[in-house]
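Secondary and tertiary structure notes
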Amino acid sequence: MEMSETIWQKSSFSGDRDECVELGKRSGAIAVRESDTPEAVVKTTRAGLRGLILAVKAGGLDRLIQ
């Protein structure tokens, strides 16, 4: 599936801002991109995305941004 065929979804918390993470289905995987650089797409599984979200919520990635 081409990027133009991917239906992207962003969080309702983003409002009208252009700086947000978007998700879509692509070639049987979950596609993730940042809206201000839409050409850079990362593909993952549902389990991989779930693990990332849980790690972020738990603060497990905080040391990467300090």
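Now for a look at the structure at hand.

Scanning the chain from N- to C-terminus turns up one helix and four strands. Summarising its shape, the C-alpha atoms of the chain cover approximately 35 × 30 × 20 Å along the three principal directions. Counting over 66 residues, the chain shows a buried share of 21%. Restricting to contacts in the chain with at least 6 residues of sequence separation, those with at least 24 account for 16%. Accessible area of the chain: about 5,400 Å², with a carbon and sulfur share of 55%. Taking the 10 positively charged and 10 negatively charged side chains of the chain as two groups, their mean positions are separated by 11 Å.

Turning to the side chain of R33, a few remarks are in order. With respect to the helices, strands and loops of the structure, R33 is situated in strand β3 (residues 29-34). Of the polar contacts made by the side chain of R33, one reaches the side chain of E22; its length is 2.6 Å.

Our next topic: a nonpolar patch on the surface. A surface patch of nonpolar side chains, amounting to about 510 Å² of accessible area, comprises L52, V56, L61, L64 and I65. Within the secondary structure layout, V56 lies in helix α1 (residues 46-57).

About the cut-offs
- Residues numbered from 1 in each chain as written.
- Predicted model: local features only at pLDDT ≥ 70, side-chain atom pairs only at ≥ 80, totals over all residues.
- Heavy atoms only, no water.
- Helix = DSSP H or I, 4+ residues; strand = E, 2+ residues; numbered from the N terminus.
- Buried < 20%, exposed > 50% of the residue type's maximum accessible area, 1.4 Å probe, protein only.
- Contact = heavy atoms within 4.5 Å.
- Areas by Shrake-Rupley, 256 points an atom, 1.4 Å probe, with all protein chains shown as cover.
- Lys, Arg positive; Asp, Glu negative; His and termini not counted.
- Charge placed at Lys NZ, Arg CZ, Asp CG, Glu CD.
- Polar contact = N/O pair within 3.5 Å; in protein donor to acceptor, adjacent residues only side chain to side chain.
- Patch = residues over 30% accessible without salt bridge, like charges linked within 9 Å, V, L, I, M, F, W, Y side chains within 5 Å.
- Salt bridge = Lys/Arg side-chain N within 4 Å of Asp/Glu carboxyl O.

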